[in-house]
Amino acid sequence: MSTEPASGIAAPATIRLRHLTQAKEQGRPFSMLTAYDQFAAKAFEAAGVEVLLVGDSVGTTVLGYDSTTSTTHQDMLTFTGAVARSVTRPLVVADLAFGTYEAGPAEALRHSVELVRAGAGAVKLEGGEEVAPQVRALARAGIPVFGHLGFTPQSVNSLSGHRVQGRDPQGAQKMREDALALQSAGAAAIVLELVPAAVAASVTASLSVPTIGIGAGPDCDGQVLVWQDMAGLSGFQGKFVKTFADLRPQLERAAQQFRAEVAERSYPGPEHSFE
Ligand code: KIV
């Protein structure tokens, strides 16, 4: 495994929050990918990706749920542990599952402590100034916390589907206020999802903590994608997704070849068989 990062943050053995802040200050964009399992996590670490997000998107990408609202805290503990045990360099961020933090700081703290015990270096929750008390409690307890504004998937039902947020001046202003409220409460970084590029740029410029965009244009301090989208496994081709690899057809071809060789008894050959 290469230890040489080919990315925006120079060479520390372990990525810490201060490296993300430095990257923002130096104008060096950094990368975050979702990861849920050992081999993907190790591949992204070898590629130099600075932050791995054990997203609650594990529910829709791995577990077959329709929405991240079905992802449970136990799911998050299981997959956070898998990723955290597999890598040493990237910062591992774990999502707080729907229903584990909305009730208040005590609930948020209890569930975050369990995610940290499972190996998370930071947790992420969705929402604006209404979750500032939770963010404050976590920051005071020494748990780095990322915010998440714009389209917040756990609110897909009240947002009436996957829609760009902050297009109107009031929405954009509210997003700026929410971002400042999260930063004042102690958030270490803020994910901006499905936000007009100009709004994301102005939120980014107004903060001292980094923003990480997904469908939020080029001016965020970092960028995040769901790995199965960027690697062409999920088949999801939203406007903001670039397909950096085409794994689904490759996997299908490999499975077809395996099946064909099994059917014609050419696999396993003598070289795969024991005396
Ligand atoms: O769960 C997830 O994958 C996320 C990203 C969309 C940022 O929160």
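(A) The arrangement of the overall build of the protein in detail. Of the regular secondary structure elements, the protein holds ten helices and eight strands. For the protein, the C-alpha radius of gyration of 20 Å lies close to 19 Å, the compact-globule estimate for 275 residues. Seen through its principal axes, the protein has C-alpha atoms that stretch 70 × 35 × 35 Å. The buried share of the protein, taken over its 275 residues, is 48%. Within the protein, contacts between residues at least 6 apart in sequence are counted, and of these 57% link residues at least 24 apart. Counting only carbon and sulfur atoms, one obtains 54% of the accessible surface of the protein, whose full area is about 13500 Å².

(B) Looking closely at the packing of aromatic side chains. By the definition in use, this model includes three aromatic pairs. Between Phe44 and Trp227, the ring centres sit 5.8 Å apart and the planes meet at 65 degrees, which makes this aromatic pair edge-to-face. A residue pair is termed long-range when its members are at least 10 positions apart, and Phe44 in helix H2 (residues 38-46) and Trp227 in helix H9 (residues 227-230) qualify at 183 residues.

Cut-off values and rules
- Every chain begins its residue count from 1, and numbering advances along the sequence as written.
- Totals for whole chains, interfaces and linings use every residue, but because this is a predicted model, local features are given only for residues with pLDDT of at least 70 and side-chain atom pairs only at 80 or more, for both listing and counting.
- Think of the side-chain values as coming from all heavy atoms in the structure, minus any hydrogens and water.
- Put simply, DSSP H or I for four residues or longer makes a helix, DSSP E for two residues or longer makes a strand, and each gets a number counted from the N terminus.
- For the radius of gyration, the atom set is restricted to C-alpha positions; the globular benchmark scales as 2.2 Å times the number of residues to the power 0.38.
- Burial classes follow relative accessibility: with a 1.4 Å probe on protein chains only, a residue under 20% of its type's maximum area counts as buried, one over 50% as exposed, and anything between as partly exposed.
- Note on contacts: a residue pair qualifies if any of its non-hydrogen atoms lie within 4.5 Å across the two residues.
- All accessible-area figures derive from a Shrake-Rupley calculation using a 1.4 Å probe, and residue coverage is judged against the displayed protein chains alone.
- Note on aromatic pairs: the rings of Phe, Tyr and Trp (six-membered ring only in Trp) are paired at centre separations within 6.5 Å, and the planes decide the class, stacked below 30 degrees, edge-to-face beyond 60, tilted for the rest.

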